[in-house]
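Here's the letter readout for the chains.
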Amino acid sequence: MSVIYVDNNATTQVAPEVIEEMLPYFSEFYGNPSSMHSFGGQVGRKLIEARAYVAALIGATPEEIIFTSCGTESDSTAIWAAIRSYPDKKHIITSRVEHPAVKNLFEYLSKNGYRVTFVPVDRQGYLDLDYLYNNLSDDTAIVSIMWANNESGMIFPLEEISRAVKEHGAVFHTDAVQAVGKIPIDLKNIEIDMLSLSGHKFHGPKGIGALYVRKGTKFFPFLIGGHQENGRRGGTENVAPIIGLGKACQLAAALLKKDITRVKELRDKLENELLKRVPNALINGDHKNRLPNTTSIAFEYVEGESILLMMDEFGICASSGSACTSGSLEPSHVLRAMGVPFTAAHGSIRFSLSVYNTEEEIDFIIEKLPPIIERLREMSPFWKEQKSAS
Ligand code: PLP
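Criteria and thresholds
Residues numbered from 1 in each chain as written. Predicted model: local features only at pLDDT ≥ 70, side-chain atom pairs only at ≥ 80, totals over all residues. Heavy atoms only, no water. Near = heavy atom within 4 Å. Polar contact = N/O pair within 3.5 Å; in protein donor to acceptor, adjacent residues only side chain to side chain. Areas by Shrake-Rupley, 256 points an atom, 1.4 Å probe, with all protein chains shown as cover. Helix = DSSP H or I, 4+ residues; strand = E, 2+ residues; numbered from the N terminus. Nonpolar A, V, L, I, M, F, W, Y, C, P; charged D, E, K, R; others polar. Salt bridge = Lys/Arg side-chain N within 4 Å of Asp/Glu carboxyl O. Buried < 20%, exposed > 50% of the residue type's maximum accessible area, 1.4 Å probe, protein only. Core = buried A, V, L, I, M, F, W, Y, C linked by side-chain atoms within 4.5 Å. Domains from an automatic or database assignment.

Enquirer: Quick rundown of the site of the ligand? Include the residues and the values.
Expert: Close to the ligand lie 13 residues; T72, D175, Q178, S198 and K201 are nearest. In this structure, T72 approaches the ligand through a side-chain N or O atom, which is 2.6 Å from an oxygen atom. Protein contacts shield 87% of the accessible area of the ligand, which totals 390 Å² for the unbound molecule. For the shell around the ligand, the element with the most residues is helix α4 (residues 71–85), which contributes three residues. For the shell around the ligand, the per-class residue count stands at three nonpolar, seven polar and three charged.

Below, the structure written as structure tokens:
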């Protein structure tokens, strides 16, 4: 059975071009880029090239890029760097819908001497900007707001936020792990101090990320060790994945110009057809201002996990909006923060597409999913209750 993979916000297929670019650096060119000999030096030159591709994709300069092991490390590095650089400031701000890579660190800091403001979102997933602005003060060390949400796909107005953050002299960090490679980003036009990205979210390999640090931003390394990355991250460079990340950035730059419209068309077709064919189905998030590849659809009165299992029988891979913790299905913190009712949050499925999806695959999902929902609703006491009440 072939796989229909629409879970690209979880991870993506590594592009064949990326694999091809990386392979010689596992086998043939295995030198240490810091070595004095030319065997290592040629690897060092390839890293310079990769760094330039990463910088170019986001409108940065190569000196502003630090390679890390993943998006989570980039987030941690940025947040710790800001609070260590401004030890007298004891207030930090983030949103209620961040990925655990940011959320859990802010929760840890809230128990360890920091006053934390978690900015709420409304039913459509929009940030409460007044709440954010009213809480900003000169005691704020860092504001960390994601560029785009991994579940709803909502894109946040970072340009506007950055102006307010800068008025108070706080560090502005964004977790752009879901945005880089999917929408155009140009840091020349927006005052962001630090930005996190991760290779495996846009057809690069797993285990490689990068942190952009704007020139002039105070910095404190997370991994203190060797001189690598200009003393900003110790540890011998993860050479082949860095080269893979560079290639993925080069490919994404081209993709953003052409293929992203096709991905959006496929996403819109999937969404519109499912909403047309399945009663009591709704989008989590606003129709506008979303990542072009993402849709989170709530199928009311059914359980997301059951939908996933039944789709899995057809080889369809998506993800749900619940987390199975200690035997009980809790809707995700993102859907809860958006105020999505329990009956809808439980049946929420996230489809996230990529350039590798085809129209035939989307048609297959459109054909197979509605009968699955119908079958599950026949077994759902909540659906029957709702039907008899209406
Ligand atoms: N931030 C966001 C928004 C994400 O979606 C993810 C991964 O799902 C991460 C951070 C973590 O990235 P990584 O898996 O590279 O640590």
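Enquirer: Give a detailed account of the pattern of salt bridges, specifying residues and quantitative values.
Expert: Summed over the entire model, instances satisfying the criterion amount to 19 salt bridges. E21 is paired through a salt bridge with K46; the nearest N and O atoms lie 2.8 Å apart. With E21 in helix α1 (residues 16–22) and K46 in helix α3 (residues 38–58), this pair connects stretches of sequence that are 25 residues apart. Judged by its relative accessible area of 14%, K46 falls in the buried class. The salt bridge involving K258 is made with D259; its shortest N-O contact spans 3.4 Å. Since its relative accessible area comes to 54%, K258 is described here as exposed.

Enquirer: Quick one: what's the story with the nonpolar core, residue by residue and with numbers?
Expert: Among the nonpolar cores identified, the biggest contains 66 residues, and I58, W147 and L195 are the most heavily contacted of them. By residue number, the principal contributor to this core is helix α9 (residues 239–257), which donates nine residues. Counting the residues that make up this core, at least three belong to each of domain 1 (4–11 + 256–389) and domain 2 (16–252). In terms of nonpolar packing, the next biggest core, distinct from the first, is built from 28 residues, V6, V302, L369 and L376 among them.

Spatial relationships are all this shows, so hold off on functional conclusions.
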